[in-house]
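Coordinate inspection notes
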Amino acid sequence: MKVAICIPCYGDPKLKFMQSLANLLNRMHTVELRDEHGEPIRIEVDVIIVSCSDLRQSRHKLVAEATYWGADFMLWLDADHVFPPDAFERLWAHGVAAVGCNYARRCHPTAPTASSIDDVGYKSLVYTTEEKAKANDLEEVAHLGFGVCLLDMRIFDVLQARAEERGEKSFLPLFRFGDDEDGPIGEDVFFFGKVRDAGLKVYVDHGLSWDVGHIHEQVMTNAHANVQRLRWIEKSEATRKRYEDRAQAVEAAE
């Protein structure tokens, strides 16, 4: 099984992302997966990184390179996320064409990235709750982000067949920014719209989503310091007491 880890990265990746990636790669090279017949699966991994200021172009290049390499799966990882070492095997175990994680947006206030669409076309955000995470729920959604997402490469055969049914030569473009009645839509919304139009389903793994983080940098001001004054005092007192307890333990040992 050939797995292309596809990373669009404009600028330097986050340090915590690199730590997560290293742990995931180590896990993928040592984990024992088995097929439906109980036979062991050998995993071959290629890390593909494309650096470009145009995210749409980066994602198109990653699809092209993964296809050229002959990948069976694309594991999309955005370079500003953290995730557990077993992220790949947990997504792969679902045996579906498209499955990924729901995570918070990098803004205040924040909201989840996954959404659902009802029968009359009404959109609503899909929240990953602690209850859903503990139950390891797998929920069908309209779309989700590419921060941590696994695609079966056979998706592109289905997309091509759908394009030809419509009299089009190619399934391209796969990624495009646009607008709908609710405002701007991202390249992920556009892609998963094509996937669903081709008759495939998209899922969120709520259990894994609970273990995924979106790295967000924040400018700290004196306003923050004032609002968080009591929390800082509590933290300082807890630290002081911890050191006092440690000193007392050392004295008692002597």
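Quick note: structure is the one above.
This section reports on the structure supplied with the text. What you see is a predicted model; the values in this text were computed from it and never measured. (Residues numbered from 1 in each chain as written. Predicted model: local features only at pLDDT ≥ 70, side-chain atom pairs only at ≥ 80, totals over all residues. Heavy atoms only, no water.)

1. Some words on the overall build of the chain
- Looking only at helices and strands, the chain has nine helices and 15 strands in total.
- When its C-alpha atoms are laid out on the principal axes, the chain stretches across 80 × 50 × 35 Å.
- Residues counted as buried form 38% of the 254 residues belonging to the chain.
- Element-wise, carbon and sulfur atoms account for 51% of the exposed surface of the chain, whose accessible area totals about 15,000 Å².
- Distance between charge centres in the chain, computed from 30 positive and 42 negative side chains, equals 4 Å. (Helix = DSSP H or I, 4+ residues; strand = E, 2+ residues; numbered from the N terminus. Buried < 20%, exposed > 50% of the residue type's maximum accessible area, 1.4 Å probe, protein only. Areas by Shrake-Rupley, 256 points an atom, 1.4 Å probe, with all protein chains shown as cover. Lys, Arg positive; Asp, Glu negative; His and termini not counted. Charge placed at Lys NZ, Arg CZ, Asp CG, Glu CD.)

2. A word on the packing of helix α5 (residues 155-165) against helix α6 (residues 187-197)
- The N-to-C vectors of α5 and α6 enclose an angle of 75°; their axes lie 9 Å apart at closest approach. Classified by the angle their axes make, α5 and α6 are roughly perpendicular. In this structure, α5 uses I155, F156, L159 and R162 to contact α6, whose residues at the interface are F191, K194, V195 and D197.
- Here the residues of the contact of α5 with α6 are counted per class, giving five nonpolar, no polar and three charged. (Axes fitted to C-alpha atoms, helices over the stretch in contact; angles between N-to-C directions. Parallel < 35°, antiparallel > 145°, perpendicular 65-115°, else oblique. Contact = heavy atoms within 4.5 Å. Nonpolar A, V, L, I, M, F, W, Y, C, P; charged D, E, K, R; others polar.)

3. Thoughts on the side chain of R59
- Secondary-structure assignment places R59 in helix α2 (residues 55-69).
- Residue classification places R59 among the buried positions, given a relative accessible area of 2%.
- Setting aside anything within four residues of it in sequence, one finds R59 in contact with P8, W76, D78, F146, F175 and E187.

Spatial relationships are all this shows, so hold off on functional conclusions.
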